[in-house]
Amino acid sequence: MGNQQTAESPEKTPESPEQTEDSPEQPTTDGTFWTMVDLEKYIRKKGLDTLIVIIHGKVYDVTEFKDEHPGGPEILQGYHLKDASDEFEEIGHTRGAIEMMDDYLLGYFKK
């Protein structure tokens, strides 16, 4: 597959390892970049209830977390496919909450 972008795989940086067929569904910090088109394809593949937020240039699939979010799922749903960085900082989050975000990380957003 190399560095060629497909419907299921976002762009890889040259120094990143080869991506496998199931990589887009697995959280990664290995240099995977997601465009809005990639995210829309990911949502169609995973299901329309998939919930994606962008915080500080990182893409998170928070679908499994939305019902556990202390502010309720509506807060996260309001930032679906949007940059929530400012709001995330304004609210303030515990160290535990910030560390938990790694569990939902897909990669990095590329405009």
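Thresholds applied
- Residues numbered from 1 in each chain as written.
- Predicted model: local features only at pLDDT ≥ 70, side-chain atom pairs only at ≥ 80, totals over all residues.
- Heavy atoms only, no water.
- Pairing = 2+ DSSP bridges.
- Helix = DSSP H or I, 4+ residues; strand = E, 2+ residues; numbered from the N terminus.
- 1 Å grid on protein atoms, 1.4 Å probe; cavity = no way out; pocket = protein on both sides within 12 Å on 5 of 7 lines; lining within 4 Å.
- Points joined across faces, edges and corners; volume = space filled by probe spheres on them.
- Nonpolar A, V, L, I, M, F, W, Y, C, P; charged D, E, K, R; others polar.
- Phe/Tyr/Trp six-rings, centres within 6.5 Å; stacked < 30°, edge-to-face > 60°.
- Buried < 20%, exposed > 50% of the residue type's maximum accessible area, 1.4 Å probe, protein only.

**Student:** Outline the pairing of strand β4 (residues 58–61), listing residues and values.
**Tutor:** Two strands pair when backbone bridges link them, and strand β3 (residues 52–55) and β4 are joined in this way by four bridges, in the antiparallel orientation. The residue bridging I52 from the neighbouring strand is D61, located in β4. Examined bridge by bridge, β4 and strand β5 (residues 105–109) share three bridges and lie antiparallel to one another. The residue of β5 that forms the bridge with Y60 is L105.

**Student:** So what's going on with the layout of surface pockets? Residues and values would help.
**Tutor:** Put simply, the largest pocket is a space of about 560 Å³. F65, H69, L76, F88 and H93 are the residues nearest the centre of the largest pocket, which is lined by 24 residues in total. Within the lining of the largest pocket, the residues separate by chemical class into 17 nonpolar, five polar and two charged.

**Student:** Outline the pairing of β5, supporting the account with residue identities and numerical values.
**Tutor:** Summarising the sheet, strand β2 (residues 32–34) and β5 pair through two bridges and their orientation is parallel. Paired with W34 across the two strands is F109, which belongs to β5.

**Student:** Please give an account of the packing of aromatic side chains that cites residues and values.
**Tutor:** Summed over the entire model, instances satisfying the criterion amount to three aromatic pairs. Aromatic side chains F33 and Y108 sit 5.9 Å apart centroid to centroid with 40° between the ring planes, which places their arrangement in the tilted category. A residue pair is termed long-range when its members are at least 10 positions apart, and F33 in strand β2 and Y108 in strand β5 qualify at 75 residues. Of the residues examined, F33 reaches a relative accessible area of 26% and is grouped as partly exposed. Ring geometry for F65 versus Y104: centroids 5.6 Å apart, planes at 45°, classification tilted. With a gap of 39 residues between them, F65 in the loop between β4 and α2 (73–77) and Y104 in the loop between α4 (95–100) and β5 connect regions that are remote in the sequence. In this structure, F65 and Y104 share a single accessibility class: buried.

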